2 protein chains.
Amino acid sequence: MINEEILRNIKKHISLTEKETSFFISLITAKSLSKKALVLEAGQDCRYLSYVATGALRSYYTDKDGKESTIMFAIADWWITDMYCYLNKKPAMMNIETLEQSTIFQISRTNFDELLEKVPKFEKFFRILMQNAYTREQLRVMENLSSTAEERYQSFLIKYPQIVKQVTQKQIASYLGITPEFLSTLRKPKV
Amino acid sequence: MINEEILRNIKKHISLTEKETSFFISLITAKSLSKKALVLEAGQDCRYLSYVATGALRSYYTDKDGKESTIMFAIADWWITDMYCYLNKKPAMMNIETLEQSTIFQISRTNFDELLEKVPKFEKFFRILMQNAYTREQLRVMENLSSTAEERYQSFLIKYPQIVKQVTQKQIASYLGITPEFLSTLRKPKV
DNA sequence: CGAATTTCTTAAGGTACCTTAATTTTTTTT
DNA sequence: AAAAAAAATTAAGGTACCTTAAGAAATTCG
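A.B. asks: Hey, could you go over helix α1 (residues 3-11) of chain B for me, with residue numbers and the actual values?
C.D. replies: All names here are of chain B. Within the sequence span of α1, burial applies to N3, I6, L7, N9 and I10. For α1, the buried positions fall inside an angular range of 155 degrees around the axis, keeping them on one side. In this fold, the buried residues of α1 make contact with α2 (18-27), β1 (28-33), β3 (48-54), β6 (79-80), β8 (102-108) and α5 (121-146).

Here it is in structure tokens:
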């Protein structure tokens, strides 16, 4: 059964009784999505937090000039949403799209609140999830401030080898904050 | 009593019984620090999470060339540490220093673990703390990727007016990822 | 208070990365 | 398998931001 994946993800950090497990399952919805499907559109209410079972998603921000900046990639076993807007009921700032055919599980904000209230154990799970997300972003800020584009690219290759296989260079460039043209010159063997 | 501050901070998100309150108080230590005191040194074990009661602290990363990047500022009512290293028992990557005479409360990693275990309510508190920290960092990444230095500076002035009063331009520049010289040209009225 | 230190400013020359545009390669769609 | 679309490469010219350096202003400290 495909639910296995998401349950294993949760049981990495907390253990659940059968009752809690089935309650959790009752709060999530599975979705099968084709490539290039828009999971969240900027300006809309961000109602869902998504867990990626298979495939790959990308969240990105489009600025006033139409330039896209990739905020994050989410491949199998990652969670993704526009967290600020999901939690604070603000219109989404980001878009989220599938990069390939994907299967995801979603939990609505309402069900998320209910889950935390009825099974406080999930506070711990999400505390750890947020903690990991926070430290990951902080490290990214640190690297962005202190390294050159070339160093950041090399570091990305080492840190996310699986993502590298699933996304285009154009998307990696927009995650690193450089143009695809410049990334191309970085990749070019020197001499 | 000076404890009031930190308790009010916690009670914004969870309510505590008297017993829980005194248990929490027993786990924290107050420290009074003069200006330019080193609260954490890169390479050392990051044993404490600090709450700033009064004053101002700054965490920063020093790269191989000696260039400093400010990771965050913490003024009154903020929490600060090298979170990744605190949680994962890794040697600190960052330094943390006071920018003025400050009073802080610290909780050691051991006591932090004990607190979460004995008073699970704190899972919720730290879930929210991490959640806010995560969304703040993600927004910063988004801005860093999509805005010019001038836009980021203006946004900083609006977002953190109190911090602006307590830190130097050199420190703001290193938070924005630019040189103080360039920040100076940005500030100069244009004709 | 005065001396020392640090911060801020200004300016000239330099570089990492961008823009535009054209070509090639790869992927997607029919 | 052909046609269309998207991604990747290459290159020339441009700009945002950096480096170095020196003087002015502000802050710290004896």
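More follows now that the structure is in view.
A.B. asks: How would you sum up the packing of helix α8 (residues 169-176) of chain A against helix α9 (residues 180-187) of chain A? Please name residues and give values.
C.D. replies: Residues and elements named next belong to chain A. Look at α8 against α9: their axes get within 9 Å of each other, and the N-to-C directions meet at 100 degrees. Compared by their axis directions, α8 and α9 come out roughly perpendicular. Residues Q169, K170, I172 and A173 of α8 touch α9, and the partners they reach there are P180, L183 and R187. Of the residues in the contact of α8 with α9, the class split is four nonpolar, one polar and two charged.

A.B. asks: An account of the protein's contact with DNA strand D is needed here, citing residue identities and associated values.
C.D. replies: Among the 15 residues in the neighbourhood of DNA strand D, the closest are listed as Q169, K170 and S184 of chain A together with K35 and A149 of chain B. Here the atoms of DNA strand D within 4 Å of the protein split so that 78% fall in sugar or phosphate, with bases taking the remainder. A distance of 2.8 Å is found between a phosphate oxygen of DNA strand D and a backbone nitrogen or oxygen belonging to K170 of chain A. Within the contact set of DNA strand D, a phosphate oxygen lies 3.1 Å away from a backbone nitrogen or oxygen of A149 of chain B. Looking at the surface near DNA strand D, the elements with two or more residues in it are α8 and α9 of chain A together with α9 (180-187) of chain B. Counting residues per element, the surface near DNA strand D draws most heavily on α9 of chain A, which supplies three residues. Taken together, the residues of the surface near DNA strand D break down into three nonpolar, six polar and six charged.

A.B. asks: Run through the environment of K118 of chain B, naming residues and quoting values.
C.D. replies: Residues and elements named next belong to chain B. Position of K118 among the secondary structure elements: in helix α4 (residues 109-118). In this structure the C-alpha to C-alpha distance between K118 and E143, which are 25 residues apart in sequence, comes to 39 Å. Here E114 takes part through its side chain, which lies 2.8 Å from a polar atom of the side chain of K118.

A.B. asks: Could you give me a rundown of the relation of the copies chain A and chain B, with the residues and numbers involved?
C.D. replies: Mapping chain A onto chain B calls for a screw motion: a turn of 180 degrees about the axis and a shift of 0.0 Å along it, with 0.0 Å RMSD after fitting. Those values place the two copies in the arrangement expected of a two-fold rotation axis. Most of the interface of chain A is mirrored in chain B, where 97% of its interface residues again form contacts.

A.B. asks: If you had to explain the protein's contact with DNA strand C to someone new, which residues and values would you point to?
C.D. replies: Looking at DNA strand C, there are 15 residues lining it, with K35 of chain A together with Q169, K170, S184 and K188 of chain B nearest. Looking at DNA strand C alone, sugar and phosphate atoms form 78% of those within 4 Å of the protein. Between DNA strand C and S184 of chain B there is a distance of 2.9 Å, counted from a phosphate oxygen to a side-chain nitrogen or oxygen. Sorting the residues of the surface near DNA strand C by element identifies α9 of chain A together with α8 (169-176) and α9 of chain B as the ones contributing at least two each. The element best represented in the surface near DNA strand C is α9 of chain B, accounting for three residues. Of the residues contributing to the surface near DNA strand C, the split by class is three nonpolar, six polar and six charged.

A.B. asks: An account of the pairing of β8 of chain B is needed here, citing residue identities and associated values.
C.D. replies: Residues and elements named next belong to chain B. With seven of its seven residues buried, β8 lies for the most part within the structure. Direction of pairing for β1 relative to β8: antiparallel, over a ladder of six bridges. Among the inter-strand pairings, K31 is bridged to a residue of β8, identified as I104.

Criteria and cut-off values
Residues numbered from 1 in each chain as written. Chains lettered and ligands numbered in written order. Predicted model: local features only at pLDDT ≥ 70, side-chain atom pairs only at ≥ 80, totals over all residues. Heavy atoms only, no water. Buried < 20%, exposed > 50% of the residue type's maximum accessible area, 1.4 Å probe, protein only. Helix = DSSP H or I, 4+ residues; strand = E, 2+ residues; numbered from the N terminus. Arc of directions from axis to C-beta. Contact = heavy atoms within 4.5 Å. Axes fitted to C-alpha atoms, helices over the stretch in contact; angles between N-to-C directions. Parallel < 35°, antiparallel > 145°, perpendicular 65-115°, else oblique. Nonpolar A, V, L, I, M, F, W, Y, C, P; charged D, E, K, R; others polar. Near = heavy atom within 4 Å. Polar contact = N/O pair within 3.5 Å; in protein donor to acceptor, adjacent residues only side chain to side chain. Least-squares fit on C-alpha atoms with pLDDT ≥ 70 in both. Pairing = 2+ DSSP bridges.

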